[in-house]
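# Observations on the three-dimensional arrangement
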Amino acid sequence: MQTKIFQINSPNDTEKIEAAAAILRNGGLVAIPTETVYGLAANALDGEAVAKIFKAKGRPQDNPLIVHISRFEEVFPLVKAVPDMAVKLADAFWPGPLTIVLEKTTLIPHEVSAGLDTVAVRMPSHPVARALIKAAGVPLAAPSANTSGSPSPTSARHVLDDLEGRIDAVVDAGKCAVGVESTVITLAGKIPRLLRPGGITPEQLEAVLGKIEIDLAVFSAPSMGETPASPGMKYKHYSPKARLIIVKGNLPEFIDYVQKDASSNTAVLCYEGEQEMMPVKAIGFGRLENPAEQAQRLFSALRQIDALPHVQTVFARCPATRGLSLAVYNRLLRAAAFEVIEL
Ligand code: AMP
Ligand code: MG
């Protein structure tokens, strides 16, 4: 299959938006830009179309997808009820990088919810994403547009590197602004629970809802045989091909540690501006004092590591666990398959 590329920089580029939307309406797969990462979209109401997403990505069948809408009203047919808390969250953070899990109706095919009785819904803020959903006339199921397990794509180039020839089209609207996936919160239980940290911080959620629970899977690997509330959190994910190890300590300690293992097979993932101090090849992922920049660059930095010849081991600086840094930490932890060395 030849993957078409649509360059669309404005929601007013109606001809190209219509062409991409027609592919979606006809059951095809189109990678679309959002403010978080590129998503691999299909008609969320068409189980057969959604099944193609799993095939193209090599995604485990038990990992459900997020359904994207362009207007708030579109949530009603998808879920059994819209609780007050969902309305409050939507008022505060939609359109934007927040996904809300609610009890689903039978309109949602089992391919989308992967057998759960809930559905994850988001209204993205990217103007081109919204225009595409609107033009398609159906909600769009879309996980990140990468091969399952590899770093999420923050540019159309990343999408093509993984999925060229396996999907019908990609809409190229440049780099993603947020750079990590949406925050996932479930309102399906008694107390709101954060399942995945992302572009909206726990502090922002608590300012609207009061105290929320943080799922254990945010900070740690699930124990053997356990099914986490958000199935996606159980996998090693976002990983470069090299072995990634998080090394927790201050800068001098980190440099000392890397020095001991320095070789042409080792590299470092560090904050911008620290590269020159490192004894081995180093890739920066944003400035220490700028978590938004770290989020925006993390996945691209992980892909850059794969492009370094001969590198087998990568030592990464350890992000903080507050605010937006929690999302960066959570992704890096999975990229490292939970391997952390404390100095
Ligand atoms: P991705 O869009 O590739 O980042 O994957 C979607 C994420 O949302 C995964 O971590 C899923 O486990 C999570 N997710 C989707 N639907 C649900 C749901 N109904 N309940 C809990 N988590 C969900
Ligand atoms: Mg993903």
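Scroll up for the structure.
My aim in this report is to walk through the structure given alongside it, one point at a time. Please read these numbers as outputs of a predicted model, since none were measured by experiment. (Residues numbered from 1 in each chain as written. Chains lettered and ligands numbered in written order. Predicted model: local features only at pLDDT ≥ 70, side-chain atom pairs only at ≥ 80, totals over all residues. Heavy atoms only, no water.)

### As for the overall build of the protein
Put simply, the rule is: Put simply, DSSP H or I for four residues or longer makes a helix, DSSP E for two residues or longer makes a strand, and each gets a number counted from the N terminus. Each radius of gyration reported is based on C-alpha atoms, and the globular scaling rule is 2.2 Å times the count of residues to the power 0.38. Relative accessibility decides the category of a residue: with a 1.4 Å probe and only protein chains considered, values under 20% of the type maximum give buried, values over 50% give exposed, and everything between is partly exposed. Any two residues having at least one pair of non-hydrogen atoms within 4.5 Å are treated as being in contact. Only the protein chains shown count as covering a residue, and every accessible area follows the Shrake-Rupley method with a 1.4 Å probe. Residues scored as positive are Lys and Arg, those scored as negative are Asp and Glu, and His as well as the terminal groups of each chain are ignored. Lysine's charge is taken at NZ, arginine's at CZ, aspartate's at CG and glutamate's at CD.
Within the protein one finds ten helices and 16 strands. Here the protein has a C-alpha radius of gyration of 20 Å; the compact-globule value for 343 residues is 20 Å, and the two agree. Within the protein, the proportion of its 343 residues that are buried is 57%. Pairs at least 24 residues apart make up 68% of the contacts formed inside the protein by residues separated by at least 6 positions. Working note: accessible area of the protein is about 14300 Å², and carbon and sulfur atoms make up 51% of it. On the protein, the mean spot of the 35 positive side-chain charges and the mean spot of the 36 negative ones are 2 Å from each other.

### Regarding unusual backbone geometry
Cis geometry is found at the peptide bond from W94 to P95, where omega equals -5 degrees. Relative to the helices and strands, P95 is located in the loop between α3 (84-93) and β5 (98-103). A positive phi is found at A114, a non-glycine position, where the angle reads about 50 degrees. Positionally, A114 belongs in the loop between α4 (110-113) and β6 (118-122). For A337, which is not glycine, the phi torsion reads 45 degrees and is therefore positive.

### Section: the environment of K55
By the secondary structure assignment, K55 is in helix α2 (residues 47-57). The exposure class assigned to K55 is exposed, which follows from its relative accessible area of 68%.

### Re the site of ligand 1
Quick reminder of the rule: Neighbouring residues are identified by heavy atoms, a residue being near a molecule or strand if any of them is within 4 Å of it. Any pair of nitrogen or oxygen atoms within 3.5 Å is treated as a polar contact; in protein, a donor-acceptor pairing is required on top of that, and neighbouring residues in sequence qualify only through side-chain atoms on both sides. Detection works on a 1 Å grid of protein atoms alone, calling trapped sets that fit a 1.4 Å probe cavities and calling open sets with protein on both sides within 12 Å along at least five of seven lines pockets, with lining residues defined by an atom within 4 Å of a point. If over half the atoms of a molecule are within 2 Å of the grid points of a cavity or pocket, the molecule is regarded as sitting in it.
Ligand 1 sits among 20 residues. The nearest are N63, T118, R196, S230 and G232. R59 places a polar side-chain atom, nitrogen or oxygen, 3.1 Å from an oxygen atom of ligand 1. About the coverage of ligand 1: the protein hides 96% of its 490 Å² of free accessible area. The pocket occupied by ligand 1, as judged from atoms lying within 2 Å of grid points, is the largest pocket.

### Overview of the packing of aromatic side chains
Note the cut-off: Stacked, edge-to-face and tilted labels apply to pairs of Phe, Tyr and Trp rings (six-membered ring for Trp) whose centres lie within 6.5 Å, assigned for plane angles under 30 degrees, over 60, and everything in between, in that order.
By the definition in use, this model includes five aromatic pairs. Ring geometry for F72 versus F76: centroids 5.6 Å apart, planes at 90 degrees, classification edge-to-face. Overall, the relative accessible area of 23% leaves F72 in the partly exposed class. Classification of F76 as partly exposed rests on a relative accessible area of 46%. Three or more aromatic residues joined by ring pairs form one cluster here, namely F72, F76 and W94.

### Observations concerning the nonpolar core
Taken as a class, soluble globular proteins show a tendency for nonpolar side chains to be buried jointly. Rule in force here: Throughout, nonpolar core names a set of buried Ala, Val, Leu, Ile, Met, Phe, Trp, Tyr and Cys residues whose side chains join them through atoms within 4.5 Å.
L40, L89, L98 and L205 are the most contacted members of the largest nonpolar core, which totals 70 residues. Residues Y271, A295, L298 and F299 belong to the second largest nonpolar core, which totals 33 residues.

### What about the sheet that holds strand β4 (residues 66-68)?
Sheets are built from strands paired through backbone hydrogen bonds, the pairs being either parallel or antiparallel. The line we're drawing: When DSSP finds two or more bridges between a pair of strands, those strands are recorded as paired.
Pairing in this open sheet of eleven strands is mixed, and the strands run β1-β8-β2-β3-β7-β4-β6-β5-β9-β10-β11 from one edge to the other. On the outer flanks of this sheet lie β1 (4-7) and β11 (213-214), each paired with one strand and no other. Here strand β2 (residues 30-32) pairs with strand β3 (residues 39-43) via three bridges, running antiparallel. When the sheet's bridge partners are listed, V30 is paired in β3 with A41.

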